[in-house]
Amino acid sequence: MAMTMHQRARLSRGVQYAVLILVVLALIAVADWPLLVEKVFNPAIAAQQFPGIIVVALKNTLIYTLLGFVVGLTGGVVLALMKLSSVAPYRWLATIYIEFFRGVPALLVFLAFGYGIPLAFGFRFNHYVTVMIALGLVAAAYIAESLRAGLQAVPKGQYEAARSLGMSHARAMVTIVIPQALRIVLPPLTNEVILLTKDSSLVYLLGMGVGQYELTKYGREAISGAGAGLTPLVVAGVCYLIITVPLGILTRRFESKTDRMKNTASSPTPRSGPGGADGLADAASVVVEGLHKSYGSLEVLKGISLSVGAGQVVCLIGPSGSGKSTLLRCVNLLETPQQGRITIGDFEVTDSEADVDRMRRHVGMVFQQFNLFPHLNVLENCTVAQLKVLKRDRAEAERIARGNLERVGLAEKADNYPDQLSGGQQQRVAIARALSMDPSLMLFDEPTSALDPETVGDVLAIMRNLAAEGMTMLVVTHEMEFARDVADKVVFMDGGVVVEEGPAAEVIRHPREPRTQAFLSRVLNPTQVQAPEQ
Ligand SMILES: Nc1ncnc2c1ncn2[C@@H]1O[C@H](COP(=O)(O)OP(=O)(O)OP(=O)(O)O)[C@@H](O)[C@H]1O
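Small disclaimer: the values here were computed from a predicted structure and weren't measured. (Residues numbered from 1 in each chain as written. Predicted model: local features only at pLDDT ≥ 70, side-chain atom pairs only at ≥ 80, totals over all residues. Heavy atoms only, no water.)

> Help me out: how do you make sense of the site of the ligand in this one?
Taken together, 13 residues are adjacent to the ligand, and Ser320, Lys324, Ser325, Thr326 and Glu446 come closest. Take serine 325: an N or O atom from its side chain is 2.9 Å from an oxygen atom of the ligand. The side chain of histidine 478 places a nitrogen or oxygen atom 3.5 Å from an oxygen atom of the ligand. Put simply, the parts of the chain that give the shell around the ligand at least two residues each are strand S2 (298-308) and helix H13 (324-331). At three residues, the largest contribution of residues to the shell around the ligand is made by H13. Here the shell around the ligand is built from residues that sort into four nonpolar, seven polar and two charged. (Near = heavy atom within 4 Å. Polar contact = N/O pair within 3.5 Å; in protein donor to acceptor, adjacent residues only side chain to side chain. Helix = DSSP H or I, 4+ residues; strand = E, 2+ residues; numbered from the N terminus. Nonpolar A, V, L, I, M, F, W, Y, C, P; charged D, E, K, R; others polar.)

> Just to check I follow, could you spell out the UniProt feature "transmembrane region" (unreviewed entry) in the protein chain for this structure?
Taking the numbering used here, the UniProt-annotated feature "transmembrane region" (unreviewed entry) corresponds to residues 61-82, 103-121, 127-144 and 230-251. Between the C-alpha atoms that bound residues 127-144 the distance is 25 Å, and the span itself is 100% helix and 0% strand. Taken end to end, residues 230-251 has its terminal C-alpha atoms 31 Å apart, with 95% of it in helix and 0% in strand. (UniProt positions renumbered as here; feature names shortened; annotations may be inferred.)

> It is not clear to me how the sheet that holds strand S7 (residues 441-445) should be interpreted in this structure. Could you clarify?
Each strand in a sheet pairs with its neighbour through backbone hydrogen bonds, running either in the same direction (parallel) or in the opposite one (antiparallel). Reading across the sheet, the six strands line up as S6-S7-S8-S3-S9-S10 and stay open at both edges, with mixed pairing between neighbours. Bordering the open sheet on either side are strand S6 (363-366) and strand S10 (497-502), each of which pairs with just one other strand. Sheet twist, expressed as the average angle between the axes of neighbouring strands with direction ignored, equals 15 degrees. Where S7 meets strand S8 (residues 472-476), five bridges bridge the pair, whose relative direction is parallel. Each residue of the ladder has a partner; that of leucine 443, found in S8, is leucine 474. Of the strands in this sheet, strand S3 (313-317), S6, S7, S8 and strand S9 (489-494) touch H13, which is tilted by about 150 degrees from S7. Contacts from helix H18 (residues 453-468) reach S3, S7 and S8 within the one sheet, and its direction differs from that of S8 by about 145 degrees. (Pairing = 2+ DSSP bridges. Axes fitted to C-alpha atoms, helices over the stretch in contact; angles between N-to-C directions. Contact = heavy atoms within 4.5 Å.)

Shown next as structure tokens:
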């Protein structure tokens, strides 16, 4: 019977293990054990090293490592923040520091602080201070780069989604960005501690800290004893491993724990009755007047004005790059306009005194890329802002979240993590998350553009229901059928201006402006060859 690929792979692994075991047995058989015990690891000689190697040498190695890490971490955090700063001189300074200390050998830095500076300037640092500075200065450069990379690896959309839920900058960083960055940063940070542990032996190599024994020096001195063989160095090596191996194991545990969190759906969630419609009656109107927005020299919005009545649905349509998403993001100030006025209900968003976080609590936003928080499960995604921003108690937050999950048809997914859901399901959770804040206005930024065609309908159906319930909605979309059926008004934008607006059926069925006609015929009949636009 022919073997499957899986069976063949298992057989080949079995053969490899068998060969390995045979080699080890052969080595054991031919080894000169009495000589090895005498020269490499002699238990009697090893015993003489205790307890000195632990209470003096291991302790000193740990102190050096700790001192270096404290300075390195503090410096690393400062340097990472400087590198991410919008102030260019901070970035330059941090870059120069990092390039310098990554580029020169740690040995040279030790020499500079241990010998160079005392000789040049005639004063000597305390031994521990020298070790702390020399180890810490080098470690700071590496730690800074790990921290910066970790923070930058968290997608910008995560921060924006947190801010759009009304979280302050600090809250968004602490609750959403840093926990995700930590997972990325932890392995390189552990490596840094391991390197520091080993680099602490430089103290001895350079003859610094006479009388201060750390592991390498302790091993080196003991090896000179008559008949000591390699035993003292083996014992010192094992002591290093006592520090470094558990660190590696702890990191792997942490990583696999966070992975496991994503892969285990815990106990089934009790179903709750429909709910979560609180606040929909408080639908707010939106008025935008003379809005201008530029990115550098690129003027994206050139004096946009539009209005959305309370309980109305307005769809923004137009060619790619016409400024639709920028306009939408200006409404909750994810982008700051240079000129113009935006009012939501009675709240003037563009007032420089406005409490933006308070406004965002009432404005739900759904992004093209969903931006669910990957380190939180579905229920937690829907409760985190309720707990941290609205300060609801957990039972109430969970009741509201479950109600909204029921509403988008995903009550049974409450314990799953975002990466266990399809794109369409993730977008429905994103809608439930926004609804859990009881918004008075919902902003949708191309909510179906990143979805497979078969899941688009589920999301649109939820949006249709929301519209029917009287939610005020401003929607950037390429779904013309949705716009025609659901929108009270369609606004066609091109080149940063509103070209045409009016009742959905009119603009989509009987566009007046040639640019609207050209766009619609291109979108509605994609195969049709287009006449040049005016
Ligand atoms: N953060 C930014 N920095 C610089 N330019 C930007 C930024 N965001 C958008 N732009 C530019 O602004 C213009 C309008 O972009 P916007 O995303 O608002 O268009 P859009 O109409 O929503 O397009 P699409 O339908 O393709 O999403 C584009 O030229 C885009 O490259």
